[in-house]
Amino acid sequence: MRGRVSGTFSVIHRDASCGARLGSLKTPHGEIETPIFMPVGTNATVKAMTPEDLWAVHAQIILANTYHLYLRPGHRLVESLGGLHRFMNWSGPILTDSGGFQVFSLGELRKISEEGVKFQSHLDGSYHVLTPELSIKIQEALGADIIMCFDECPAATADYDYVSRSLEMTTRWAKRCKEAHSREGQQLFGIIQGGMHHDLRARSLNEICAIGFDGYALGGLSVGEEKEQMYGVMESCAPLMPQDAPRYIMGIGAPEDLVEAVWHGFDMFDCVMPTRNARNGMLFTSQGRINIKAKAYEEDGGPLDPACGCHVCRTYSRAYLRHLYRAGEILASQLNTYHNLYYYLDLMRRMRGAIRENRFTEFRRDFYGSQTDNHV
Ligand SMILES: Nc1nc2c(CCNCC3CCCCC3)c3[nH]c(NCCc4ccccc4)nc3cc2c(=O)[nH]1
């Protein structure tokens, strides 16, 4: 089974007690320490965060999206203005998703064929066809450091035969993506599908690895399946994936999911949860999630999370954050997002430290003990 195509990823250290590993991924816009969480920036912005804020919370790489930027403002416009890094003033690495997942979850009507996906824009109802070739051209025009193959993410409810036929098309699409990709220095990652079926996962994994990519992603997860199913796919796939290439799980996840995935040997993660939850007042802390709009915090002059070193936790009270949220102030989204992303990125930093010191299994045990998930 072929492993990696380019030599930009290296495993620096493995924790002997589990699958967790420390890695370094070099890109044209800088080096990324793994395991790493990638803040999501849908419309060429991580909502409510300036690039300066992103550096302040120690973001290393962010995500943007083919589907959104193709529809608005258009990838050719972004290209003509110097590419996505210049356009959004983010000088660090950028990864773009291929748009397939968004077409299924956002587009109005959509029709899948061997050619690609016909869909109606969620913005103005106009008709478009996104193909593997067009997805690669859009990602090349945006100038991302890492781009993703165009794939189909079957619904969690899809039956075995559908998932089987879908992964075969995703493999054919992956070959077309590799054929279409020609931008030097830009890394292309393959995406493994196969639903919740371990035999189909192994088949997709072998087919995608045989084509050969710079990194490999697990797709088709975090689509409504049970946690046990998600963890089971992680456990069965990790040992089969090339040891010396980056492993990315798409759309994951909650803090406990990140800890579980790192324990199994995964390196890269993205999820809208920290940013989307922040805007809804759901904040992550060392004691679990809290809902800042709860009356319990009305007169709480203490910090959001006493164990957090971020600017928000050192400066503002829970009472003030609750006030901002209830008043519908823009600053509520800004401060809540800043803290949630700091929490996620600091969790990754603490995990990297635990791997480096061969104590990740203890870290995982202590982490589960701490998350009382009080949801107040
Ligand atoms: N190609 C591809 N992408 C997938 C994505 C999008 C990853 N985020 C991209 C990012 C780019 C910038 C714009 C935003 C998206 C997934 N997201 C999830 N679950 C999210 C489940 C979730 C979790 C919390 C809240 C909402 C939804 N499963 C996913 C599976 C796949 C997949 O098979 N193929």
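Residues numbered from 1 in each chain as written. Predicted model: local features only at pLDDT ≥ 70, side-chain atom pairs only at ≥ 80, totals over all residues. Heavy atoms only, no water.

1. Topic: the overall build of the chain
Phase 1 of the analysis: The helix and strand inventory of the chain stands at 15 helices and 16 strands.
Phase 2 of the analysis: Along the longest, intermediate and shortest principal axes, the C-alpha atoms of the chain span 60 × 50 × 40 Å.
Phase 3 of the analysis: When the 376 residues of the chain are sorted by exposure, 58% land in the buried category.
Phase 4 of the analysis: Excluding contacts between residues fewer than 6 apart, the proportion of contacts in the chain whose partners are at least 24 apart in sequence is 69%. (Helix = DSSP H or I, 4+ residues; strand = E, 2+ residues; numbered from the N terminus. Buried < 20%, exposed > 50% of the residue type's maximum accessible area, 1.4 Å probe, protein only. Contact = heavy atoms within 4.5 Å.)

2. Brief notes about the layout of surface pockets
Phase 1 of the analysis: Within this model, the largest pocket holds a volume of roughly 730 Å³.
Phase 2 of the analysis: Together, 30 residues line the largest pocket, and F101, Q102, D270, V272 and R276 are the ones closest to its centre.
Phase 3 of the analysis: Those elements giving two or more residues to the lining of the largest pocket turn out to be β5 (62-65), α5 (100-106) and α11 (273-279).
Phase 4 of the analysis: Considering each element in turn, the lining of the largest pocket owes the most residues, four residues, to α5.
Phase 5 of the analysis: Of the residues assigned to the lining of the largest pocket, the class counts are eleven nonpolar, 13 polar and six charged. (1 Å grid on protein atoms, 1.4 Å probe; cavity = no way out; pocket = protein on both sides within 12 Å on 5 of 7 lines; lining within 4 Å. Points joined across faces, edges and corners; volume = space filled by probe spheres on them. Nonpolar A, V, L, I, M, F, W, Y, C, P; charged D, E, K, R; others polar.)

3. Remarks on the site of the ligand
Phase 1 of the analysis: D97, D151, G220, L221 and D270 are the nearest of the 23 residues found near the ligand.
Phase 2 of the analysis: In this structure, L221 approaches the ligand through a main-chain N or O atom, which is 2.7 Å from a nitrogen atom.
Phase 3 of the analysis: A distance of 2.8 Å separates a nitrogen atom of the ligand from a polar atom in the side chain of D270.
Phase 4 of the analysis: Applying the majority rule of atoms within 2 Å of the grid points places the ligand in the largest pocket. (Near = heavy atom within 4 Å. Polar contact = N/O pair within 3.5 Å; in protein donor to acceptor, adjacent residues only side chain to side chain. Sits in = over half its atoms within 2 Å of the grid points.)

4. Here we look at unusual backbone geometry
Backbone geometry follows two general trends: most residues other than glycine have a negative phi, and most peptide bonds adopt the trans configuration.
Phase 1 of the analysis: Across the junction of R72 and P73, the peptide omega takes the value 10 degrees, indicating a cis bond.
Phase 2 of the analysis: Structurally, P73 can be placed in the loop between α2 (66-71) and α3 (75-80).
Phase 3 of the analysis: The phi torsion at H58 lies on the positive side, around 70 degrees, for a residue other than glycine.
Phase 4 of the analysis: In this fold, H58 is placed in the loop between α1 (51-56) and β5.
Phase 5 of the analysis: What makes H58 exposed here is its relative accessible area of 52%.
Phase 6 of the analysis: Its identity is not glycine, yet N358 carries a phi of approximately 55 degrees, on the positive side.

5. Notes on the nonpolar core
Phase 1 of the analysis: Judged by nonpolar contacts, the single largest core of 112 residues is most densely connected at Y248 and F360.
Phase 2 of the analysis: Looking at this core element by element, the count peaks at 13 residues for helix α14 (residues 330-356).
Phase 3 of the analysis: When residues no more than four places from it in sequence are discounted, the contact partners of Y248 are M38, L63, L95, M148, F189, Y216, A217, L218, M268, F269 and D270. (Core = buried A, V, L, I, M, F, W, Y, C linked by side-chain atoms within 4.5 Å.)

6. Section: the pairing of strand β3 (residues 30-34)
Phase 1 of the analysis: Note that strand β2 (residues 21-27) and β3 share five bridges and pair antiparallel. Bridge assignment links G23 to a residue of β3, and that residue is T34.
Phase 2 of the analysis: Taken together, β2 and the strand that follows it, β3, pair antiparallel across an intervening segment of two residues. (Pairing = 2+ DSSP bridges.)

7. A look at the side chain of S135
Phase 1 of the analysis: In this structure, S135 sits in helix α6 (residues 132-142).
Phase 2 of the analysis: Not counting chain neighbours up to four residues away, the residues in contact with S135 comprise T66, S98, L130 and F150.

8. Things to note about the sheet that holds strand β12 (residues 215-218)
Phase 1 of the analysis: Read across the open sheet, the eight strands follow the order β4-β14-β13-β12-β11-β10-β6-β5; overall the sheet is parallel. A single partner strand is all that each edge strand has here, and the edge strands are β4 (36-38) and β5. Across the sheet, the mean angle from the axis of one strand to that of its neighbour is 25 degrees, orientation sign disregarded.
Phase 2 of the analysis: Of the pairings in the sheet, the one linking strand β13 (residues 247-249) to strand β14 (residues 268-270) comprises two bridges and is parallel in character. Residue pairing across strands places Y248 opposite M268, the latter belonging to β14.
Phase 3 of the analysis: Running over the sheet, helix α8 (residues 198-211) touches β11 (187-192) and β12 and is turned about 160 degrees from β11. (Axes fitted to C-alpha atoms, helices over the stretch in contact; angles between N-to-C directions.)

9. Focus: the packing of helix α10 (residues 255-264) against helix α15 (residues 360-370)
Phase 1 of the analysis: Between α10 and α15, whose axes approach to 11 Å, the crossing angle comes to 160 degrees. By the angle between their directions, the pair α10 and α15 is classed as roughly antiparallel. Taken as a pair, α10 and α15 cross one another with a handedness that is left-handed. In this structure, α10 contributes P255, E256, V259, E260, V262 and W263 to the contact, and α15 contributes F360, T361, F363, R364, F367 and Y368.
Phase 2 of the analysis: In terms of residue class, the contact of α10 with α15 is made up of eight nonpolar, one polar and three charged. (Parallel < 35°, antiparallel > 145°, perpendicular 65-115°, else oblique. Left-handed = near helix turned anticlockwise from the far one by under 90°.)

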